[in-house]
Amino acid sequence: MSRKSTRAAAFALCLTAVAFCVNGFIHKRFSHQPRHPRTRTDVLAGAVTGRGHHHSSSGALVITAQAAQFEDDGPSSFIMYPTDILQNSIGINSTIVQPLAPNIAYFYLQNSLGLSEETMWKITLEAGSVLGMTPRNLEKKVSLLRRTMNLSDEDVRIILAKQPAILHYSAERNLAPTILFLVRALDLSKAELRSMILDCPTILGYSMNNLKKKLRFFLFTLGYYNTDEEEEANRLDSARELLVGTPKLLLAAVDTGLEPRMNFLLNEMEFTLEELRSLYRKNPRMLLYGLDGNLREKLVFFFILQLRMDPDQVRKILLSYPQVMDYNLQNHMKPIAEYYMTELEFSAAEFGAIVQKFPRIFSYSLFKQKHVTGFLRYELELDARQAKRVIFQAPQVLGLSNEALWGKLHFL
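Since we're looking at a predicted model, the values are computed, not measured.

Peer 1: Which residues make up the overall build of the protein chain, and what are the values?
Peer 2: A count of helices and strands for the protein chain gives 20 helices and three strands. Across the 412 residues that make up the protein chain, the buried fraction comes to 42%. Look at the contacts in the protein chain between residues 6 or more apart in sequence, and 66% of them connect residues 24 or more apart. Accessible area of the protein chain: about 22200 Å², with a carbon and sulfur share of 52%.

Encoded structure:
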């Protein structure tokens, strides 16, 4: 079976499940008129089209369930009938069939909101019960998001593509209180709130107590709150800037993530709270990196033990260039260190000194650095000792292009 046929079959199965739910609703609403002999037919119209089905002249299909089988044995299986055959057999008017299609959640999401096929599949797989909700219910939630954040149609599609489970949440009990809490706690504008939710819509799924605990960490534990009113306003601005810029920080757990990482830098690396606030402002992702598999591995085992630095030197490197923590240790940082210590015969302490002078050395690829070293050796005809001396005394040359190096030489 081709991939397209498999997806079509899965789509039909999902829609049948939705129709089953809607049929129960219609079954209750239709008048209980006895049919001959003591049976009746409930009709659920669904403008379902698909390849591989035999269509009548109208091209539409409807799903019917016979009430004669809605007895103790439970509902019967659904049977697909062409619209014209069904209408001719029981005399139903087409005006009854057509208005039902827009009242199905699937068509509202796909046609009214314009969600892509990929997003519709994601909703089906990750939040399938949404397809059993009424369009009016869904519209209430979407309308709330639009009003509170000035969302465009494309913004709505982006949010639902990232987090379709948002449609599960109640507009009154979940979405509205969460949005109001964030706006008041961080003094957010609509534009700032929109930026946060577009980047990380998962935030709206957290409970109020969860978000309060995380905001207490940033405002009180990390020290962005102060009793001095002027200082408090400045620090609240800093906390808001931090969280609006990196909203994924609100996804991190406090007890197992944020606090252990902060305490490691405070106690083992001897940062002050003021230094930490500066560090996190320059590179907020440091609050998201794992403790044992990332922070301790790089700072303790690589910088301190392998490159023979002391904690004070490591602290200065982080404060001057905190993005050094963004590079992969095994695939990037260690290969660069091994190149200098093996092929260029720097000692570990010497390479550590180079990193202290120029921590951005890790921002360049190993290929680039080998190219510059080769340029010094073979274009400028420096011997190994002279090239090593240039790199040790002025490691910034590793970031220059060939043209820039020639230009500096001509200047000299």
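Peer 1: Any details on the nonpolar core? Residues and values, ideally.
Peer 2: Ranked by internal contacts, the top residues of the largest apolar core, which has 103 residues, are L109, L265, F303, Y340 and F362. Residues contacting F362, with those up to four places away along its chain left out, are F302, F303, V324, Y327, H332, M333, I336, F351 and V355.

Peer 1: Tell me about the pattern of salt bridges, and please be specific about residues and values.
Peer 2: Taken as a whole and judged by the stated rule, the model has 14 salt bridges. The partner of D153 in a salt bridge is R146, and the shortest N-O contact between them spans 2.7 Å. The class for R146 is partly exposed, based on a relative accessible area of 24%. Across the pair E192 and R240 runs a salt bridge whose closest N-O atoms are separated by 3.7 Å.

Peer 1: I'd like a description of the environment of E274, backed by residues and values.
Peer 2: Relative to the helices and strands, E274 is located in helix 13 (residues 273–282). C-alpha of E274 to C-alpha of Y224: the two residues are 50 residues apart in sequence and 9.5 Å apart in space. Within polar-contact distance, the side chain of E274 engages the side chain of R277 at 2.4 Å.

Peer 1: I'd love a proper account of unusual backbone geometry, names of residues and values included.
Peer 2: Unusually for a residue other than glycine, E270 sits at a positive phi of about 65°. Summarising the element assignment, E270 is placed in the loop between helix 12 (254–268) and helix 13. A positive phi angle, near 60°, is found at E381, a position not held by glycine. When its relative accessible area of 68% is taken as the criterion, E381 is described as exposed.

Peer 1: Got a sec to walk through the confidence of the model for the protein chain? Specific residues and values, please.
Peer 2: Looking at the protein chain, pLDDT values average 79 and 71% of them are 70 or higher. Confidence drops under pLDDT 50 across residues 25–101; counting only partners more than four residues distant or on other chains, this segment forms 107 contacts.

Peer 1: Outline the packing of helix 6 (residues 135–149) against helix 8 (residues 171–186), listing residues and values.
Peer 2: Taken N-terminus to C-terminus, the directions of helix 6 and helix 8 make an angle of 15°; their axes are 11 Å apart at the nearest point. Judged by the inter-axis angle, helix 6 sits roughly parallel to helix 8. Viewed along their axes, helix 6 and helix 8 form a crossing whose handedness is right-handed. Counted together, K140, K141, L144, L145, T148 and M149 of helix 6 and A171, E172, L175, A176 and I179 of helix 8 form the full contact between these two elements. Tallied by class, residues from the contact of helix 6 with helix 8 come to seven nonpolar, one polar and three charged.

Peer 1: Any details on the packing of aromatic side chains? Residues and values, ideally.
Peer 2: Scanning the model with the defined rule gives nine aromatic pairs in all. Aromatic pair F358 and Y364: ring centres 6.2 Å apart, planes at 20°, arrangement stacked. The buried category is assigned to F358, whose relative accessible area is 9%.

Peer 1: With reference to specific residues and values, describe the side chain of T124.
Peer 2: Summarising the element assignment, T124 is placed in helix 5 (residues 117–126). Within the local environment of T124, its side chain forms a polar contact with the backbone oxygen of M120, the two atoms lying 2.8 Å apart.

How each quantity is defined
- Residues numbered from 1 in each chain as written.
- Predicted model: local features only at pLDDT ≥ 70, side-chain atom pairs only at ≥ 80, totals over all residues.
- Heavy atoms only, no water.
- Helix = DSSP H or I, 4+ residues; strand = E, 2+ residues; numbered from the N terminus.
- Buried < 20%, exposed > 50% of the residue type's maximum accessible area, 1.4 Å probe, protein only.
- Contact = heavy atoms within 4.5 Å.
- Areas by Shrake-Rupley, 256 points an atom, 1.4 Å probe, with all protein chains shown as cover.
- Core = buried A, V, L, I, M, F, W, Y, C linked by side-chain atoms within 4.5 Å.
- Salt bridge = Lys/Arg side-chain N within 4 Å of Asp/Glu carboxyl O.
- Polar contact = N/O pair within 3.5 Å; in protein donor to acceptor, adjacent residues only side chain to side chain.
- pLDDT = per-residue confidence, 0-100.
- Axes fitted to C-alpha atoms, helices over the stretch in contact; angles between N-to-C directions.
- Parallel < 35°, antiparallel > 145°, perpendicular 65-115°, else oblique.
- Left-handed = near helix turned anticlockwise from the far one by under 90°.
- Nonpolar A, V, L, I, M, F, W, Y, C, P; charged D, E, K, R; others polar.
- Phe/Tyr/Trp six-rings, centres within 6.5 Å; stacked < 30°, edge-to-face > 60°.

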